[in-house]
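Listed below are the residues making up each chain.
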Amino acid sequence: MLRVGDTLIVYYGSEPLKDMNPRYAFSDGGVALTVSPSDNSNVQSGISAMIGDRAIKVQVGGSDGVLTWADPGEDGLRPHHVIWTEYGQSFDLAGVRGSAEIVTVARSLACR
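Residues numbered from 1 in each chain as written. Predicted model: local features only at pLDDT ≥ 70, side-chain atom pairs only at ≥ 80, totals over all residues. Heavy atoms only, no water.

Student: Would you mind showing me how to read the pattern of salt bridges here?
Tutor: Pairing between side chains of opposite charge can happen when their charged atoms approach one another. Counted by the stated rule, this structure contains 2 salt bridges. Here Asp64 ties to Lys57 by a salt bridge, and the two come within 3.8 Å at their closest N and O atoms. For Asp64, a relative accessible area of 30% puts it in the partly exposed group. Between Arg97 and Glu101 there is a salt bridge, with its nearest N and O atoms 2.8 Å apart. Arg97 sits in the partly exposed class, given a relative accessible area of 24%. The class of Glu101 is partly exposed, set by a relative accessible area of 40%. (Salt bridge = Lys/Arg side-chain N within 4 Å of Asp/Glu carboxyl O. Buried < 20%, exposed > 50% of the residue type's maximum accessible area, 1.4 Å probe, protein only.)

Here it is in structure tokens:
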């Protein structure tokens, strides 16, 4: 877990995180959840306006969210992101997982 100002980043994986680099967590099969304050604006329309058809609308908990696919990094990893807002917070779940799997993980986190 890492806190930067009002933003909290939590890494989930099978092994302890060796450094605070999400790319390491992704290469080990883990996921990263970033939580930060939000004005609860419509995330889906905002992200769709920024990246166009690379954002797919998904339902997460009681909120509209988006599924995106990042550009590959130097390490070749290309994580999916599920982004949604709820309860005055913005959530960004990222991991190198299939799209259906990362949406399922986001939904399970939102329903806690």
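There is more to say, and it comes next.
Student: Mind showing me how you'd approach the sheet that holds strand S2 (residues 7-12) here?
Tutor: Within the open sheet, the 7 strands sit side by side as S1-S2-S3-S7-S6-S5-S4. Their pairing is antiparallel. Either end of the sheet is taken by a strand with one partner, and the two such strands are strand S1 (2-4) and strand S4 (56-60). For this sheet, the mean angle separating the axes of adjacent strands, direction not counted, is 20°. Bridge count for S4 against strand S5 (residues 63-69) is 5 bridges, and the pairing is antiparallel. Note that in S5 the partner of Ile56 across the bridge is Leu67. Along the sheet, helix H3 (residues 99-110) makes contact with S2, strand S3 (31-37), S4, S5, strand S6 (80-86) and strand S7 (89-95), crossing S6 at roughly 25°. (Pairing = 2+ DSSP bridges. Helix = DSSP H or I, 4+ residues; strand = E, 2+ residues; numbered from the N terminus. Axes fitted to C-alpha atoms, helices over the stretch in contact; angles between N-to-C directions. Contact = heavy atoms within 4.5 Å.)

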